[in-house]
Structure formats: C-alpha cells, structure tokens
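Per-entry structural report
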Amino acid sequence: MFDARYSIRTHVAGALRAANVGETVTLAGWVHRRRDHGGLVFIDVRDRSGLVQCVFDPDASGAAFVTAERVRPEWVVKLNGTVRPRPEGTVNTNLATGEVEVIITSAEVLNSSETPPFEIDSALDTDETLRLKYRYIDIRRPEVMETFLLRDRVTQRFRKSLEHRGFLEIETPILGKSTPEGARDFIVPSRLSPGEFYALPQSPQLFKQLLMVGGVERYYQVARCFRDEDLRADRQPEFTQIDIEMSFITQDDILGMMEEVMREVMHEAGVDLKTPLPRLTYADAMDRYGSDRPDTRFAMELVSLSENFATSEFKVFAGALSSGGAIKGINAKSAGDWSRSKIDALNQVALDAGAKGLAWVAFPTEGDVRSPIAKFFSDAEMSGLREAMMVEPGDLVLMIADAKDVANEVLGTLRLKMAEELAIARDGFETLWVVDFPLFKWDAEEKRYDANHHPFTRPFDEHLDRIPADPAGALSYSYDLVMNGLEIGGGTLRIHDAALQRSVLGVLGIEAEEADAQFGFLLEALSLGAPPHGGIALGLDRLIMLLAGKHSIRDVIAFPKTSSGSCPLTGAPGPVSQRQLRDVHLRTD
RNA sequence: GGGGGUGUAGCUCAGUUGGUUAGAGCGCUGGCCUGUCAAGCCAGAGGUCGCGGGUUCGAGCCCCGUCACUCCCGCCA
C-alpha cells in the first residue's frame, strides 16, 4: 500500500477525494504542469499515486504565490494547504482527484530542475533511445509508471500463489559454470583461478534439479537469466523467469497446477483465464498452424490438399507428392482482389521461408478464378479445392507443395503475414499448451541431433527403446505455454536416472568422458536418490509485455539494453583499467 | 553475419526537380492575464540538417563510406 506513512507528507496527491474536503494536508512531489493566470496560479502536483490540482492565491498566502510564480515543471516541492471542493463548473472528470483542489498556504522548494530533455506530460511519441538515456524521467510518466505497477502486482501474485501451494523460494548462483549446448554464455574471468571463467546462468536449470535431489520438492525463484545472443523486440540479454520445479509429479500434475497459478496471476491483471487450457500436441500445432507457438486468436488453419491433388497433372504438385511431400494451403479471406505485385511479394516471403515457390488461386468474385496454375487443374480438383478450403467469393488460396515440414513452416509464416496484412482482429489472451515435443531435432548442417528443449528432458516411457536406434521417433514429456503466438513458458519432466541421462547425452554426441567432465555433478546426483521431478520456467518480461499491451520487452524492463546490447543511460558496456585486467589475468588487443 | 527502415531546433516532424536567409507545432525565455486543467494572448531566443568524404557554380536533398537507433532473418538447449 502506497500512502503518506513514513514520509514528510500527510497525504499522497492521487488519493485526495471529496471525503478529504476540509482537511489540512502536506503534499510532496513534482510540479507536473503549471497554469499561470497572473493573479492566480494552478499547479498540478504529481507523486507516484497520481496528481492533484493545487491553487496558489495571493489571498491565501503571498509567499506561496511568489514561489508558485518561480517554480517550473519537474521542480520538487513540499506544499501545505487545505482540501476544498472545486467551484461549480470546474470539476475535472478526467482526473481521479478532479472533484477537489488544494488551496496552498505555504510552499517549499525541495529541489529545482533543469528543463527536462523531453516532456513528461506529452502525447508525443519520444525517441526510445532518448527515453532510455533519461529513463528516470521516462519512468515519471504515468503510462510508464503504470507498467511497473502492473509488473509488481503480477510478480507478487506469482509469489503468493506459489507460496500457498508449498513452494520454497530459493536463490541459486549467478556465478556458475559454462556448459556446452544452449545459448552463448556471458563469461566472467576469475581472479583467484587464472585463466578460468565463471558463466552467468542461462537459467537455473541444473541447480533446481539438484534442489529436487536435495529434497526441496517444490521450488521457485524469480530468476535473472543471461544469454549472449542477438536481441529482438521480445529478447534481452538479461531477462527474468519465474522458475519452478516439483518432485513426485506427472505431467498432468504440473500443467494443472500451473493453470491454477496462471488463472490467479491473470486475474490480478484483470484478465479472466478460462481453464483448463487447450492442449495441442506439437505435431498438431505444426499440422494446423505451421508453428510450435500458434497464434490462436484467429483461424486461417492449414488444410491438407494432398488427397485432392493425388493424381494432379501439375508437375510441381505431382513431384512433391511422389517424393513423399505434401500439398497444403491456407485461405486468406478477402485477399482475392490482391494485385499480381502484392502476391509476388508473398511469393518472396514464401521463398525466404524456405519454399521453392508459392501456388495461388484467387477467387475475386462469384464464378471468377484468377491463377497462373488453375489451368493444370481438372474440374474435380478445382471443385475439391473449393470444398476443402471452404472458398467464398473474395478469397485467396495460398498453397505450398513441398516436404511436409517445409510446407507447414512456410504456410505458418504466410498465415501470420496475411493476418498482419489483412489487419485481422487479434484480441484477448488466447492461451494454450503445446505438448509432446520430439526429444531431439536433427541439425542438418552439423549433421547431428540437438536437444529440442534441453538435454535433461525425459523421453516418453514407451519410447525409451528408441533412444539409441531411432532418436527422431522419441517424444518427450515437454510442454510450452503459448499466449497470443508468443512462447511465454516452457518446461519438461526431467530424466532422474543416471543411465538414461548418459544415454541421451550420448545421442547428443557427448560421450562418457565429456559427460563426466561437463555434467559429472548432475550424473552423480542422479545416482544418489534423485526423485522423479519436472518443472517449468515462465518468461516474466514477455508475459508482462502482453498484459500491458506493449510491443517491446524493453517497455517492461526498468533499464533495458538497446538492440546492440548497450545501456544508453550508463554507457555500459565500457572499458576497464589495465589494473583490473591484470587482476583477472586478461589481456586485450 | 545478412536484409529493410529511421537520423533536420530541447521534443515531434515538414522540407517540392539540387537553387536566395532551412520551417511548423509543442517546449523554453520575457511580458500581459484571478478559474484553468494540452489555459489563453503578445514577443523572443534556439540549427555541426548523425559523422566523414565526393559530385556540382551551388547539396538537408545526389553518390560512397561510417556511426547510432529500430524491425526482421541467422542465432536464441
């Protein structure tokens, strides 16, 4: 609760109401805006709680009036006065405090301010770099402040919901050990061990598993994570996870528990989350949406057309099918009148996404068909296409014929592209689980298997026999939480058997000797009474971003980095002295 | 590493086919003003057109390079 306790004021500005009329108050805050009428001055005084109009009238206090003429926006002031109702006709309904005003009897300037580099109270969309350079001023803007109030509420709700369910908040090291796989590590040189380095954690993954071996059973942490990769609108080099791990559970246990927690958290943010959440297998997600994090706020699902074109004369289609591929399509409603050049641009999108080409049929009006390839289709194929795609006049059908994975992925990209181009309404918070990910994914370039989630993911019990022989066929106890097409969380049940863990590491090309060197401590822990366990990590920043309706993760981080990883405010990263380098046994060119 | 976009007053932006002294709104400074709340009116100050080079009689505008920011691809177990 934010109020006037423990401060030099008696009230906070934003809390004053008609009920306070007649009270003598002391306020402290910033000059938000000043309206000088010559013989009468209005100053809106702002603190974290909001703002209230203060009136400076020479009849009430000549000294205060003189002060009011002198102060400027963002000066810091302490004011004494009396709350009174606003005169008839001057109530401001746009303001929570708009029914009242404070007639000031004495004023003290606590600090002056230079003219701010940008206006706090402005509708103008200020350059983001400038906002970040003066973030402390930016944060004074009510809209920005509101975001951090929301972030606080959501974070506290996570803590409460998890505490109520028996989770212990435990901190894990920031200075850790670099391990192979995963993202690039941020590394920290060691002064006491010349030539050796700590790594900042990409996540507390191994430590939380060790806590399970330690009998903690239910753990959580608001954990800062570090990954030295390129930035995006939704990616920062350091970010925060709500990190969770539980013992003696099934996958249903943790999904059900998380649904309850998420419902409570979303409720805190004013969103009614319907549970149980839909669950989509990875295979179905790819098949229907061409994405493992489908945006389910709109349909435009992928439809298989392989059967319809099974005997097609069209070489591209026949070729794709004969080599074991698929023909799939999406129906972009109301794009049937798109020009050739706009469709050519879509073709380029398809090419960039890995397709060999884009097949399309436009149905601009009833009975009218426009397409460079329709002439290869039989009447039966054309009517089958109309039926399968549920074509109406005005539609544009986009088709990809390729290996099934390629067709899915390209159409998934086109689906999102078309939703954007057609400005399809995407409202609400469509949330679902994507489950049953393959344990491994094949890296064609490196010609080896990678862990899909991470190397500690537990395979389906019934797929254990596939591990050495047919790794690609093994599915895993794994789950991503997807909201509005963004992955906001992911987790797995873990391997708790040392032999199985060695076997999985082996598939990843990490043989016994290296496994012992890199993960010996984990393998040893697994052999010393590790309970079955599993967990999940939620991307707190992304979740807040969605809840706040922001388009960048930077908007919900107090002091974020620019896309080149620098901090406009402090100038980090920066050089260090030769002495500091010598201390940690480093030389630079 | 690759592709797209942006960079002009403190802020947000305009700036025509390359042509005289680079403009507007907001903010700022000063003046007037006792019921405003984006207060109003009057006046004023304020410019390394991101930076460097080039073409040209002449460059904010064209060319080359470079920097910063931003979006995307790669990358992100």
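Thresholds applied
- Residues numbered from 1 in each chain as written.
- Chains lettered and ligands numbered in written order.
- Predicted model: local features only at pLDDT ≥ 70, side-chain atom pairs only at ≥ 80, totals over all residues.
- Heavy atoms only, no water.
- Helix = DSSP H or I, 4+ residues; strand = E, 2+ residues; numbered from the N terminus.
- Buried < 20%, exposed > 50% of the residue type's maximum accessible area, 1.4 Å probe, protein only.
- Contact = heavy atoms within 4.5 Å.
- Arc of directions from axis to C-beta.
- Polar contact = N/O pair within 3.5 Å; in protein donor to acceptor, adjacent residues only side chain to side chain.
- Domains from an automatic or database assignment.
- Near = heavy atom within 4 Å.
- Pairing = 2+ DSSP bridges.
- Axes fitted to C-alpha atoms, helices over the stretch in contact; angles between N-to-C directions.
- Disulfide = S-S within 2.5 Å.
- Salt bridge = Lys/Arg side-chain N within 4 Å of Asp/Glu carboxyl O.

Of regular secondary structure, chain A possesses 15 helices and 21 strands. Projected onto its principal axes, the C-alpha positions of chain A cover 95 × 75 × 55 Å. Considering chain A as a whole, with its 589 residues, one finds that 47% of them fall into the buried category. A separation threshold of at least 6 residues defines the contact pool for chain A, and within that pool the share at least 24 residues apart is 68%.

Turning our eyes to something else, we now look at helix α10 (residues 379-388). Those residues of α10 that sit buried are Glu381, Met382, Gly384 and Leu385. Burial along α10 is one-sided: seen end-on, the buried residues are contained in an arc of 165°. Away from its buried face by more than 90 degrees, α10 exposes Asp379, Ala380 and Glu387. Those residues of α10 hidden inside the fold are in contact with β14 (359-363) and β15 (395-402). The first or second residue beyond α10 is Met390, which carries a positive phi of 50°.

This paragraph deals with the side chain of Gln53. Mapped onto the elements of the fold, Gln53 is located in strand β3 (residues 50-56). Polar contacts involving the side chain of Gln53 include one to the side chain of Arg35, which spans 2.8 Å. Beyond its immediate stretch of four places on either side in the chain, Gln53 contacts Arg35, Phe42, Ile43, Asp44, Arg86, Glu101 and Val102.

Our next topic: the environment of Arg293. By the element assignment, Arg293 lies in the loop between α7 (282-289) and β12 (303-304). Arg293 sits in the partly exposed class, given a relative accessible area of 39%. Separated by 191 residues in sequence, Arg293 and Asn484 have C-alpha atoms that sit 8.4 Å apart. Contacts of Arg293, omitting those with residues within four sequence positions, involve Val482, Gly485, Leu486 and Glu487. Here Gly485 takes part through its backbone oxygen, which lies 3.0 Å from a polar atom of the side chain of Arg293.

Glancing now at the domain arrangement of chain A. Put simply, an interface is often sized by how much accessible area is lost when its parts join up. Assigned domains of chain A: these are domain 1 (4-111), domain 2 (145-281 + 432-556) and domain 3 (298-425). Relative to domain 3, the C-alpha centre of domain 1 lies at a distance of 64 Å.

The local shell around RNA strand B holds 47 residues, among which Arg33, Thr90, Glu101, His453 and Ser563 are the closest. For RNA strand B, the fraction of atoms within 4 Å of the protein that belong to sugar or phosphate moieties is 51%. Measuring from a base oxygen of RNA strand B, one finds a side-chain N or O atom of Arg84 at 2.7 Å. For the surface near RNA strand B, the secondary structure elements donating two or more residues are β1 (24-36) and α2 (128-133). Element by element, the count of residues in the surface near RNA strand B is highest for β1, at 3 residues.

The subject of this paragraph is the sheet that holds strand β21 (residues 533-539). Taking strand neighbours across the sheet as the criterion, the 8 strands line up as β6-β9-β10-β21-β20-β19-β16-β11 in an open arrangement whose pairing is mixed. At either margin of the open sheet sits one strand with a lone partner, and together these are β6 (168-169) and β11 (279-281). As paired strands, β11 and strand β16 (residues 431-435) are joined by 3 bridges and run parallel to one another. The residue of β16 that forms the bridge with Thr281 is Val435. Contacting β11 and β16, α7 crosses the sheet at an angle of about 85° to β11.

All chains considered together, the criterion is met by 0 disulfides. Not engaged in a disulfide, the cysteine Cys225 finds its nearest cysteine sulfur in Cys567; these two sulfurs lie 20 Å apart. Taking relative accessible area as the criterion, Cys225 reaches 0% and is therefore assigned buried.

Time to look at the pattern of salt bridges. Opposite charge on two side chains allows them to pair when their charged atoms are near. Under the defined criterion, the tally for this structure stands at 42 salt bridges. The shortest N-O distance in the salt bridge between Arg35 and Asp44 comes to 3.0 Å. By relative accessible area, which is 29% here, Arg35 ends up partly exposed. For the salt bridge of Lys208 with Glu245, the shortest nitrogen-to-oxygen distance reads 3.4 Å.

This next bit is on the side chain of His463. Looking at the element boundaries, His463 is found in the loop between β18 (448-451) and β19 (478-483). Overall, His463 belongs to the buried group, its relative accessible area being 11%. When sequence neighbours within four positions are dropped, the list of residues in contact with His463 reads Gly473, Ala474 and Leu475.

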